[in-house]
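Listed below, chain by chain, are the residues.
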Number of protein chains: 2
Amino acid sequence: MENWAQRIRSGDLRALARAATAVEDRTPASQELLRELFPYTGRALNIGITGAPGAGKSTLVSQLARTLRLEDLQVGIIAVDPSSPYSGGAILGDRIRMQVHYSDPGVFIRSMATRGSLGGVAAATSDLALLLDAAGRDVILIETVGVGQDEVEIARLADVTVVVLVPGMGDDVQAIKAGIMEIADVFVINKADHPGAERLEREVKAALELARRPDEWTPPIVRTVASEGQGVTEALSEIRRFYNTVPRSRRTIENWALRLREMMKDRLLERFSFEEFRAAARDVAARRRDPYSVIDELLGERTRN
Amino acid sequence: MENWAQRIRSGDLRALARAATAVEDRTPASQELLRELFPYTGRALNIGITGAPGAGKSTLVSQLARTLRLEDLQVGIIAVDPSSPYSGGAILGDRIRMQVHYSDPGVFIRSMATRGSLGGVAAATSDLALLLDAAGRDVILIETVGVGQDEVEIARLADVTVVVLVPGMGDDVQAIKAGIMEIADVFVINKADHPGAERLEREVKAALELARRPDEWTPPIVRTVASEGQGVTEALSEIRRFYNTVPRSRRTIENWALRLREMMKDRLLERFSFEEFRAAARDVAARRRDPYSVIDELLGERTRN
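Being a predicted model, the structure only gives us computed values, none of them experimental.

Rules and cut-offs
- Residues numbered from 1 in each chain as written.
- Chains lettered and ligands numbered in written order.
- Predicted model: local features only at pLDDT ≥ 70, side-chain atom pairs only at ≥ 80, totals over all residues.
- Heavy atoms only, no water.
- Helix = DSSP H or I, 4+ residues; strand = E, 2+ residues; numbered from the N terminus.
- Polar contact = N/O pair within 3.5 Å; in protein donor to acceptor, adjacent residues only side chain to side chain.
- Contact = heavy atoms within 4.5 Å.
- Phe/Tyr/Trp six-rings, centres within 6.5 Å; stacked < 30°, edge-to-face > 60°.
- Buried < 20%, exposed > 50% of the residue type's maximum accessible area, 1.4 Å probe, protein only.
- Lys NZ or Arg CZ within 6 Å of the ring centre and 35° of its normal.
- pLDDT = per-residue confidence, 0-100.

A word on the side chain of A:Asp138. Residues and elements named next belong to chain A. Counting through the fold element by element, Asp 138 comes out in the loop between helix 6 (121-134) and strand 4 (139-145). In this structure the side chain of Asp 138 is engaged in a polar contact, spanning 2.7 Å, whose partner is the backbone nitrogen of Gln 74. Discounting residues that sit within four places of it in the chain, Asp 138 has contacts with Arg 43, Ala 44, Leu 45, Leu 73 and Gln 74.

Here it is as structure tokens:
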């Protein structure tokens, strides 16, 4: 185990890959490993990138990775996004955008499966980011779809959160924008060569004027055409400007409080097997018992207080 | 309290509205009320409607409500969707699509806020559906964005799950489709007058041939132009065909097992205040303690086992 941790810290890619899988599977060994590695974390810059499907998040992530590699930085990418091109076997679309990085050991890519899994994605993502941090990755890019609550929570765990918008996606997307407005440290208007970029920027600015952040930061708006690499350097420098301007301490404490809460949720539910819920469900479905009493009873059996 | 439950069961709209708010706020009184009303639930048809932003879910929901009202059925609508036009004050877009129902007491509309809230949305949605069921709503339409994990879980709680797709939204949306493929009982291709509807239907069919469901049901694909009411009756009849064809018992038990699990999660976390997590987070952020030991300790203090 100690050897495993040491190999990871020294940059051994096979040890890291094995650990990443163990963390995703939440094995007991991975928990021990994370405990051991934790003191060596806290060095990486965690960037959350979120936005609606079709906003071009993956392309932006890929281009950010490219730019960071030109600075000779070690990069980690975590995709928590069912629509991401580097997700598992279920993907029909283009994995081509990320293929450029597959042969580069300086870019470590992992996707988190969200489909079918029950809970634990936020906590597992957080653990994976810690692992990559301990393994010496300088920057960790965490891509999520910014619509679900889980995804927004994950984005919140990052040091800096980038919200990616695109012009011309209609009212629905504008509304989502309102939903994730408050978590954005930096806005990126991607596909800025499409009609409506100007108008979208005006709308975001107007919305920002109404919102007042406790840290007094006004989120900048960067226009990009990620598919051609345009604006990516500016986006990165705005990300770093936020990171260097706004005191990290308070942000980090809030992030950790959220992470601890996620971890607690997972740990608490471990005590119950799905089979127990299924057995109780038979009575409830038949209206023999009500669900609220069932929960009381299960709780009473398992814990005091 | 008993009086409150009776008023709800007799169709008193003010009592129902007050109860819906109490359920959303998760007040102790609402839990008592739900316990009392539970034996009178299980009559309503719960339809989950999910899909990417921009797929036209709200329009479809509105048209389904309209069709159900023509049959003189009592309808409940629950929107768990930050982009929904009947969500709260944050919405920039068109609430017009639903306005037609605002003056009709036969359509009871509630939206669940997901933004900023931490957990509990799935459980609260489930409780709200039970309340509407006890209040005599014949059909309950539950709209969610089918990207986040929470949303998918909520969709799963329904008796029938409809996945709404649209042509021409590109690979990202196709990939999402893969993510929610397995929960769809009925597919709706909305905006079917747009180019690419044919191709999308072929793709869904191809994907369905690869997937095999334990209940042997082959999800039908219905084309709609919801904005003009086209295909809505067919969609409803396919929803009913699933409901009447596939034995409900097993489905319902699985649904209840999931609901019970959600309820347990909420109940377990109630024991911890966010302030406790924040206090521990200070030590963790400073690397004085590791998060895994913090969780162990908090758990040890609060519970045995």
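Moving on from the model shown.
Residues and elements named next belong to chain B. Per the stated rule, a full pass over the model turns up six aromatic pairs over all chains. Geometrically, the ring pair formed by Trp 217 and Phe 242 is edge-to-face, given 5.1 Å between the ring centres and 70° between the ring planes. Placement of the pair is Trp 217 in the loop between helix 9 (197-210) and strand 7 (221-223) and Phe 242 in helix 10 (residues 232-245), with a sequence separation of 25 residues. The exposure class assigned to Trp 217 is buried, which follows from its relative accessible area of 8%. Using a relative accessible area of 0% as the deciding quantity, one classes Phe 242 as buried. An angle of 40° between the planes, with centres 5.8 Å apart, marks the rings of Phe 272 and Phe 277 as tilted. Among the residues examined, Phe 272 registers a relative accessible area of 7% and is labelled buried. By relative accessible area, which is 1% here, Phe 277 ends up buried. The aromatic ring of Trp 256 is capped on one face by Arg 259, whose charged end is 4.3 Å from the ring centroid.

What follows covers the confidence of the model for chain A. Residues and elements named next belong to chain A. In the predicted model, chain A carries a mean pLDDT of 82, and 80% of its residues have values of at least 70. The lowest-confidence element of chain A is helix 8 (residues 170-180), averaging 50 in pLDDT; the highest-confidence one is strand 7 (residues 221-223), averaging 97. Throughout residues 83-97 the model reports pLDDT below 50, and contacts reaching past four residues in sequence, or to other chains, amount to 43 contacts. Note on residues 171-177: pLDDT under 50 across the span, and 21 contacts to partners over four residues away in sequence or across chains.

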